[in-house]
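# Examining the three-dimensional arrangement
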Amino acid sequence: MGANNGKYGSEGKGSSSISSDLSSSTDHTPTKALKNVATSEDSDLSMRTLSTPSPALICPPTLHGFQNGRGSSTSSSSITGETVAIVHAPPPTRLTNPLIRLASKHQKEHASNYRLPDQCIIQIFSYLSTNQLCRCARVCRHWYNLAWDPRLWRTIRLTGETINVDRALRVLTRRLCQDTPNVCLMLETVIVSRSRWLTDRGLYIIAQCCPELRRLELSNCYNISNEAVFDVVSLCPNLEYLDVSGCYKVTCISLTREASIKLSPMHGKQISIRYLDMTDCFVLEDEGLHTIAAHCTQLTHLYLRRCIHITDEGLRYIMIYCTSIKELSVSDCRFVSDFGLREIAKLESRLRYLSIAHCGRITDVGVRYIAKYCSKLRYLNARGCEGITDHGVEYLAKNCTKLKSLDIGKCPLVSDIGLEFLALNCFNLKRLSLKSCESITGQGLQIVAANCFDLQMLNVQDCEVSVDALRFVKRHCKRCIIEHTNPAFF
């Protein structure tokens, strides 16, 4: 297997040794992993199931232990409370207990008349999670065969802290590669979240076995490094969606050196990632952002929330290489200033979503750049930008007339005057947050409600507005949900 001979070490010596390897792990080394079932559809497959792992099953840590010196089918470590991976034998074709009477031929025929068609069962299975699907595979031989229908394995989702994700990926990819050696042709999405058990080994398995991978989500998996991410983007040329939010060891996205040598000098365009979320990758710096921009030139969605070391210089690199960005978030990037917004404004009409929340160095000057050049902006989050005043809101309202969502909460210099500019220019406004805006009164809200009939959400928490003003909003914007802190209004 390609996943077993990589640079991160061998996970096994072939499919013939999987059963013994996993069984031995339950006797000597308690680990979190997956329970597996094996079966077959015909006689030839029957020969292979003895050496092929079944779907991975998430077992609760409180299952029964070994009984009478033998490992039961639901055995786990009772000392550490960890889940153990065991390869089960195929479901039996006949009953071996002499005390159990076999069903008559008439009963079998009667039962088969009420069995759902295979297509219906597969359709039902398509709504199940990875764990639930694996449990269904343990019911009977027929369900086992249906559970491995390739159409059901376009997505693998492994969540939770009790799962040994590396082993789960190894077991699942081996089974999915059974008919197409070393390649999982159908697998397009892998989602792993909040797991400290996913390491570079698990990502290397994905890189080796899943060339058709299009979506990879690894949120809050903090044990993966740059090298493993490089392997994935180099060996999965169709990867378009990458979420490494909370993976604070990841500081760069780039091709491996081997892949760079094989490609042309314009190899940066070979990475087809369009969606990149690096939220909470707080070690990311401008130099790493420069490398990302140079290699991921097709980016359309980029999220850098709480990447606290990013500055205006890093945004300049992004604008040089990634000219197709539609959505950008630099919220809580405290070093981003008006100069950074001047760079972002170079996206012009392509920019639709922008979050600059809690960027304390931004003022009306930066907002004016955005308003002047990004006329098709639909969403702006400027919460906590205390330098923004009514003048900034005026520039925004007069130039971005198609604005649908605006958050200017905790901007104490915005008053009813700014709200009047919004009401007279942005008729399509649907969401407006004015939380903790000290200068807002009921008069400004009434002007907004009288002109923005499509308003669906209004946040006026911690604002000094009267009950009559809130009732006026509710009367004119019937679909509007009002978030407030006035106990007299309900």
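Going by the structure above, here's the rest.
Predicted, not measured: the structure shown is a model, and the values here were computed from it.

Our focus in this paragraph is the overall build of the protein. Looking only at helices and strands, the protein features 18 helices and 15 strands. The buried share among the 490 residues of the protein stands at 50%. Summed over its atoms, the accessible surface of the protein is roughly 23400 Å², and 51% of this surface lies on carbon and sulfur atoms.

Time to look at the environment of Phe-472. Within the element layout of this structure, Phe-472 appears in helix α18 (residues 467–476). Spatially, the C-alpha atoms of Phe-472 and Ala-450 are 8.7 Å apart, while their sequence positions differ by 22 residues. Setting aside its immediate chain neighbours within four residues, Phe-472 contacts Gln-446, Ala-449 and Ala-450.

A positive phi angle is found at Ser-436, which is not glycine, with a value near 60°. Mapping Ser-436 onto the fold places it in the loop between β13 (431–433) and α17 (442–451). For Asp-462, which is not glycine, the phi dihedral falls at a positive 60°. Take Asp-462: it is sitting in the loop between β14 (457–459) and α18. Relative accessible area serves as the criterion here: at 48%, Asp-462 is assigned to the partly exposed category.

A separate point is helix α7 (residues 165–176). Here α7 is twelve residues long and its end C-alpha atoms lie 16 Å apart, about the 16 Å a rise of 1.5 Å per residue gives. Where burial is concerned, most of α7 is hidden: twelve out of the twelve residues are buried. Listing the buried residues of α7 in full gives Val-165, Asp-166, Arg-167, Ala-168, Leu-169, Arg-170, Val-171, Leu-172, Thr-173, Arg-174, Arg-175 and Leu-176.

Definitions and cut-offs
Residues numbered from 1 in each chain as written. Predicted model: local features only at pLDDT ≥ 70, side-chain atom pairs only at ≥ 80, totals over all residues. Heavy atoms only, no water. Helix = DSSP H or I, 4+ residues; strand = E, 2+ residues; numbered from the N terminus. Buried < 20%, exposed > 50% of the residue type's maximum accessible area, 1.4 Å probe, protein only. Areas by Shrake-Rupley, 256 points an atom, 1.4 Å probe, with all protein chains shown as cover. Contact = heavy atoms within 4.5 Å. Expected span 1.5 Å × (residues − 1).

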